[in-house]
Amino acid sequence: MNVLKEVLVPGGFARSFDAKKGQLLKIIDIEGQQVADFFSFNRNNLKEKLSPSHSYMSALSLQIKPGYILRTDLRIPMFEVIEATSKRHDLLLPACDEQRYIVDYGIKEAHRNCVQNFEDVLEKYNLNRENFNNPVNLFQKTRITDDYEIVQETGDSKPGDYILLECKMDIIGAISACPIDVNPIAGSKITDILIQVLE
Ligand SMILES: [Zn+2]
């Protein structure tokens, strides 16, 4: 496997990248416990995008593990999970946006957020929040209780944990190293994520 390119996503910010069908994406949680919101679009039809809900509907599972197929909103396979050294990833929750901090946490000052981060790096493809779906929230630990309540817990990914995905189509991707610091999901600090495209 050769590393074709590396993209470092600074903690609290986002970066975009592209990859071709058959190439592998390795997304690495460098220091551990850092949530990485992940969006992806069909390079040849930017209206078609990665969809967590269509993925878990087909898989009938919320557990991302080797063999799991991540699908688009047209139910077409976009990625196959090849390896996942951390078991906990979230397929349920939307990306944080300005309103998340205002409505849910009462924070009046502007707070960095994933939706704005994605708009910043996807503007060059004419993609904005009107085109976004929910992300796949890599390294985010969400638990459903027996009473169907949703509990957000501190991630348990370790330094160097990664997920390896095989691209099933040409894609434009973006990852935001989520800047949320008002709940326990990212532990005590916001850290960097590394993306490698391999062939
Ligand atoms: Zn976020």
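Going along each chain's sequence as written, the residues are numbered from 1 onward. Predicted model: local features are reported for residues with pLDDT of at least 70 only, side-chain atom pairs are reported and counted for 80 or more only, and whole-chain, interface and lining totals are derived from all residues. Side-chain measures here rest on the full set of heavy atoms in the structure, leaving out hydrogens and waters.

What follows is about the sheet that holds strand E1 (residues 3-9). Strand order in the open sheet formed by six strands is E1-E13-E3-E11-E7-E6, and the pairing between neighbours is antiparallel. Each having just a single partner strand, E1 and strand E6 (69-71) make up the two edges of the open sheet. Adjacent strand axes in the sheet meet at a mean angle of 25° when their direction is disregarded. In this structure, strand E7 (residues 77-84) lies alongside strand E11 (residues 161-167), joined through five bridges in antiparallel fashion. Paired with Glu-80 across the strands is Glu-166, a residue of E11. Should DSSP find at least two bridges between two strands, the strands are taken to pair. Helix and strand definitions follow DSSP, with helices as H or I runs of at least four residues and strands as E runs of at least two, each counted in order from the N terminus. Angular values range over 0 to 180 degrees, each being the angle between N-to-C directions of two axes fitted as lines to C-alpha atoms, with helices fitted over their stretch in contact.

For the zinc ion, every protein donor is listed as Cys-96 (SG), Cys-114 (SG) and Cys-178 (SG), and the spread of their distances is 2.2 to 2.3 Å. Coordination shells were defined by N, O and S atoms within 2.8 Å of each metal, extended to 3.2 Å for Na, K and Ca; water is absent from the atom set, which can make sites look incomplete. Written as a sequence motif, the donor arrangement for the zinc ion is C-x17-C-x63-C. Residue Cys-96 is found in the loop between E7 and helix H2 (98-105), and its partner Cys-178 is found in the loop between strand E12 (171-177) and strand E13 (193-198); the two are separated by 82 residues along the sequence. As far as burial versus exposure is concerned, Cys-96 and Cys-178 are alike and both buried. Any residue under 20% of the maximum accessible area for its type is buried, any over 50% is exposed, and the rest in between are partly exposed; the area is computed with a 1.4 Å probe on protein chains only.

Every case where a carboxyl oxygen of Asp or Glu lies within 4 Å of a side-chain nitrogen of Lys or Arg is listed as a salt bridge. In this structure the tally under the stated criterion is eleven salt bridges. Between Glu-80 and Lys-168 there is a salt bridge whose closest N-O contact spans 3.4 Å. Of this pair, Glu-80 sits in strand E7 while Lys-168 sits in the loop between E11 and E12; the two residues are 88 residues apart in sequence, bridging distant segments of the chain. For Lys-168, a relative accessible area of 29% gives the class partly exposed. Across the pair Arg-143 and Glu-153 runs a salt bridge whose closest N-O atoms are separated by 2.8 Å. Of this pair, Arg-143 sits in strand E9 (residues 141-144) while Glu-153 sits in strand E10 (residues 150-153), and the two are ten residues apart along the sequence. A single network of salt bridges, built from pairs that share partners, joins Lys-141, Arg-143, Glu-153 and Asp-156.

Let's shift gears to the layout of surface pockets. The way it works is a 1 Å grid over only the protein atoms, where trapped points that fit a 1.4 Å probe form a cavity and open points with protein on both sides within 12 Å along at least five of seven lines form a pocket, and then any residue with an atom within 4 Å of a point lines it. Grid points are joined across faces, edges and corners, and a volume is the space filled by probe spheres set on the points. The volume enclosed by the largest pocket comes to roughly 180 Å³. Surrounding the largest pocket, 13 residues form its lining, Leu-93, Pro-94, Ala-95, Cys-96 and Arg-100 being those nearest its centre. Residue classes in the lining of the largest pocket are distributed as seven nonpolar, three polar and three charged. Approximately 160 Å³ is the volume found for the second largest pocket. As for the second largest pocket, its lining consists of Leu-62, Gln-63, Lys-87, Arg-88, His-89, Asp-90, Leu-91, Leu-92, Thr-142, Arg-143 and Ile-144. In the scheme used here, Gly and all other residues not listed as nonpolar or charged are polar, with Ala, Val, Leu, Ile, Met, Phe, Trp, Tyr, Cys and Pro taken as nonpolar and Asp, Glu, Lys and Arg as charged. Partitioned by chemical class, the residues of the lining of the second largest pocket number four nonpolar, three polar and four charged.

To continue, consider the environment of Thr-142. In this structure, Thr-142 sits in strand E9. Here Thr-142 falls in the buried class, since its relative accessible area comes to 12%. Every residue in contact with Thr-142, bar those within four places of it in the chain, is listed here: Arg-88, Asp-90, Leu-93, Ile-150 and Val-151. Among the polar contacts listed, one links the side chain of Thr-142 to the side chain of Asp-90, at a separation of 2.8 Å. Only heavy atoms matter for contacts: two residues are in contact if any of them lie within 4.5 Å across the pair. Nitrogen and oxygen atoms within 3.5 Å of one another constitute a polar contact, given that in protein one can donate a hydrogen and the other can accept it, and given that sequence-neighbouring residues count only through two side-chain atoms.

The next thing to look at is helix H3 (residues 114-122). By the criterion of burial, H3 is predominantly enclosed, with seven of the nine residues buried. Three or more residues of H3 are buried, namely Cys-114, Val-115, Asn-117, Phe-118, Glu-119, Val-121 and Leu-122. Where H3 is buried, its residues meet strand E2 (14-19), strand E4 (36-42) and E12.

This next bit is on the side chain of Asn-42. Position of Asn-42 relative to the elements: it lies in strand E4. Contacts of Asn-42, omitting those with residues within four sequence positions, involve Glu-48, Met-78, Met-169 and Asp-170.

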